[in-house]
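Descriptive analysis of the structure
Each chain, letter by letter, is given below.
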Amino acid sequence: MKNRVLHVFRHSDEVIRAAADFLRDSIEHALLAGMHCNLALAGGSSPRQLYETLAGPPYDREIEWNRVRFFFGDERNVPHDHPDSNFRMALKSLLQPLEIAAANIFPVDTSLPPDRAAAQYEQTIRDHLGRHYPFDIILLGLGDNAHTASLFPFTSVLDEKQALVREVYVEEVNRYRITFTVPLINAARTVVFLVYGSSKAAAVYDVLEGLHDYKRYPAQLVSPSRGEVHWFMDEAAAGGVDTGR
Ligand code: 6PG
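First things first, this report covers the structure right here in the doc.

The rules behind each value
Residues numbered from 1 in each chain as written. Predicted model: local features only at pLDDT ≥ 70, side-chain atom pairs only at ≥ 80, totals over all residues. Heavy atoms only, no water. Near = heavy atom within 4 Å. Polar contact = N/O pair within 3.5 Å; in protein donor to acceptor, adjacent residues only side chain to side chain. Areas by Shrake-Rupley, 256 points an atom, 1.4 Å probe, with all protein chains shown as cover. Nonpolar A, V, L, I, M, F, W, Y, C, P; charged D, E, K, R; others polar. Pairing = 2+ DSSP bridges. Helix = DSSP H or I, 4+ residues; strand = E, 2+ residues; numbered from the N terminus. Axes fitted to C-alpha atoms, helices over the stretch in contact; angles between N-to-C directions. Contact = heavy atoms within 4.5 Å. Parallel < 35°, antiparallel > 145°, perpendicular 65-115°, else oblique.

**Some details on the site of the ligand**
Neighbouring the ligand are 15 residues, the closest being Ser45, Ser46, Asp74, Ala149 and Lys200. Arg76 places a polar side-chain atom, nitrogen or oxygen, 2.7 Å from an oxygen atom of the ligand. Here the ligand, which alone exposes 410 Å², has 88% of that area covered by the protein. A class-by-class count of the residues in the shell around the ligand yields two nonpolar, nine polar and four charged.

Next comes the structure, spelled out in structure tokens:
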């Protein structure tokens, strides 16, 4: 893929620092071109340390956080105060420490039925990002089964071509999720994968160098038409992938 860049480091701490530097530079670049930087956060556990890093020095002072609008690439269908909530994790590790104004935080309204929550979130995105809905930055993780956001293997949402946000019932986790779809992710200017740990090595290999099979390896679908994909990984996750190093 022409627009894919791999950043591999020995230890996860180095990965986090490099990803934080990259996000700072990408936000600054977006703010040169417009009033706001529209950033979609990833869920799960991997990003927490990155968020805590961004909420502290030097990033808390270096970035014009009041011009960043925070969205969520996917959300579990739970209340915002539930321990599994991606919003809650980001609120505690990043948004509250940086004192981000509520007006710049766009959580999924999980008090609604999943289909209505997805439709409303799509409208929120269209209202704030306009017709072509390009996020400046979408941060993603990778599951050990090669899912990303809530695009899980063999789910119908993988083939969604129109909607920007969809609800999906995920058998593996026995729960509804609300997720960005492939068209929305691939409209982004910059996609950043943050993946570390040996448990991800097989999924990383399958996605980057395995057989082309997006139903089995959904993260293979991430290929922004006009943007770049940056993978920030430690050596344990990058495993056997040819990193050109
Ligand atoms: C979620 C995430 C999901 C996550 C991967 C990796 O809501 O769980 O959006 O796509 O990024 O499952 O999760 P970990 O970082 O916890 O390994």
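**A word on the sheet that holds strand β2 (residues 37-41)**
Pairing is parallel in the open sheet, where six strands are placed in the order β1-β9-β8-β5-β2-β3. A strand with exactly one partner marks an edge of an open sheet, and here the two such strands are β1 (4-9) and β3 (68-72). Averaged over all neighbouring strand pairs, the angle between strand axes comes to 20°, with direction disregarded. Sheet analysis places β1 next to strand β9 (residues 228-234), joined by six bridges and oriented parallel. Within β9, the position partnered with Arg4 by the bridge is Val229. Along the sheet, helix α5 (residues 114-129) contacts β2 and β3; its crossing angle with β3, the most-contacted strand, is approximately 160°.

**Some thoughts on the sheet that holds strand β6 (residues 165-170)**
Across the sheet, which stays open at both edges, the three strands sit in the order β4-β7-β6 with antiparallel pairing between neighbours. Sheet topology places β4 (74-76) and β6 at the edges, where each strand pairs with a single neighbour. When strand polarity is set aside, the average angle formed by the axes of neighbouring strands in this sheet is 20°. Relative to strand β7 (residues 175-180), β6 runs antiparallel, the two being bridged by six bridges. Within β7, the position partnered with Val165 by the bridge is Phe180. In the packing of α5 onto the sheet, the strands contacted are β6 and β7, and the crossing angle to β6 comes to about 150°.

**Points about the packing of helix α2 (residues 47-54) against helix α4 (residues 86-95)**
Where α2 contacts α4, the two axes come as close as 8 Å, and the packing angle between them is 30°. With respect to α4, the axis of α2 lies roughly parallel. Mapping the contact onto sequence places Pro47, Arg48, Tyr51, Glu52 and Leu54 in α2 and Met89, Ala90, Ser93 and Leu94 in α4. When the residues that make up the contact of α2 with α4 are grouped by side-chain class, the tally is six nonpolar, one polar and two charged.

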